[in-house]
Amino acid sequence: MKTATVNISDRELLELCGSGNNSGYSMLYQRYSKAVFNSIFRIVNDREDAEDILQEVFVKAFSEIKSLKNTDSFGGWIKRIGVNHSLTFLRKKKIYFAEIDDDRMLDINDDELEEKLALETRVEELQYAIAELPLQIKTIVNLLLFEDMSQEEVAKSLNIPHGTVRSYYHRAKKKIFEKINQKSENERSA
């Protein structure tokens, strides 16, 4: 069945949905549920909560499927619904992002830091280091790196100033770099 769905475009699946054919919904779910789940899980960091949110996202998307204007953008549309539901979930759990007054970015070696991170780390080490960050910082990093949102989009989504997003991200990069360096040093000395 999976090979049959590969050749069917999202547009065709949406047409099936529009004509009342349930297989369109099923195939869209199969095609996008894993990616949407991963996005949700990176934000809420709890498997059961992520599964619940995933179901809510698909229910909402399928109930509003007729409002989708560009049928070629279904994947991005449903992923955005997932991210928005995840952020709403965090707000309901009283997880807020505080504005940081000191958002000065004085580190001149920021570009060096990014190059070192890119060159010296593997993806799994990076994900492990991100997983250890406080929830607010981890959420911002995940939105920027894995959801490919701009700092401005993250600020708007979280209802915080752009400078606060920059500060959290800058601090996260430093912490990630420190954790990865520490791990490398521990491995060298072992």
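Notes on the structure in this doc start here. Everything numeric in this text was worked out from a predicted model, so none of it was measured. (Residues numbered from 1 in each chain as written. Predicted model: local features only at pLDDT ≥ 70, side-chain atom pairs only at ≥ 80, totals over all residues. Heavy atoms only, no water.)

## What about the side chain of Ser39?
Note the threshold: The way it works is that DSSP assigns letters per residue, a run of H or I at least four long becomes a helix, a run of E at least two long becomes a strand, and they are numbered from the N terminus. What qualifies as a polar contact is a pair of N or O atoms within 3.5 Å, subject to a donor-acceptor requirement within protein and to the restriction that residues adjacent in sequence count only when both atoms come from side chains. In this analysis, two residues are considered to be in contact whenever any of their non-hydrogen atoms come within 4.5 Å of each other.
Mapping Ser39 onto the fold places it in helix α3 (residues 22–44). Polar side-chain contacts of Ser39 include one of 2.8 Å to the side chain of Glu147. When sequence neighbours within four positions are dropped, the list of residues in contact with Ser39 reads Lys79 and Glu147.

## Things to note about the layout of surface pockets
Inclusion rule: Cavity means a closed set of points on a 1 Å grid over the protein atoms alone, one where a 1.4 Å probe fits but cannot get out, pocket means an open set with protein on both sides within 12 Å along at least 5 of 7 lines, and lining means a residue has an atom within 4 Å of a point. Grid points are joined across faces, edges and corners, and a volume is the space filled by probe spheres set on the points. Three classes are used, and their members are as follows: Ala, Val, Leu, Ile, Met, Phe, Trp, Tyr, Cys and Pro are nonpolar, Asp, Glu, Lys and Arg are charged, and the others, Gly among them, are polar.
For the second largest pocket, the calculated volume is near 170 Å³. In terms of lining residues, the second largest pocket is bounded by Phe41, Arg42, Asn45, Gln127, Ile130, Ala131, Lys138, Asn142 and Phe146. Per element, the largest residue contribution to the lining of the second largest pocket is three residues, and it comes from helix α7 (residues 123–131). Residues that form the lining of the second largest pocket fall into these classes: four nonpolar, three polar and two charged.

## Observations regarding unusual backbone geometry
Of note in this structure, Asn45 is not a glycine but carries a positive phi near 60 degrees. The phi dihedral of Asp148 falls on the positive side, at around 55 degrees, and the residue is not glycine. Within the secondary structure, Asp148 is located in the loop between α8 (135–145) and α9 (151–158).

## Details of the pattern of salt bridges
Note the cut-off: Salt bridge, as used here, is a side-chain nitrogen of Lys or Arg placed within 4 Å of a carboxyl oxygen of Asp or Glu. Remark: exposure states derive from per-residue accessible area (1.4 Å probe, protein chains only) relative to the maximum for the residue type, with buried under 20%, exposed over 50%, and partly exposed in between.
Taken as a whole and judged by the stated rule, the model has six salt bridges. When the shortest N-O distance is used, the salt bridge between Glu147 and Arg42 registers 3.0 Å. Taken together, the residues span a long stretch of sequence, with Glu147 in the loop between α8 and α9 and Arg42 in helix α3 at a distance of 105 residues. We classify Arg42 as partly exposed; its relative accessible area is 22%. Note that Glu132 and Lys179 form a salt bridge whose closest N and O atoms lie 3.1 Å from each other. One end of the pair, Glu132, is in the loop between α7 and α8; the other, Lys179, is in helix α10 (residues 162–189), with 47 residues separating them in the sequence. Assessed through its relative accessible area of 38%, Glu132 is described here as partly exposed. The exposure class assigned to Lys179 is partly exposed, which follows from its relative accessible area of 27%. A single network of salt bridges, built from pairs that share partners, joins Arg42, Lys79 and Glu147.

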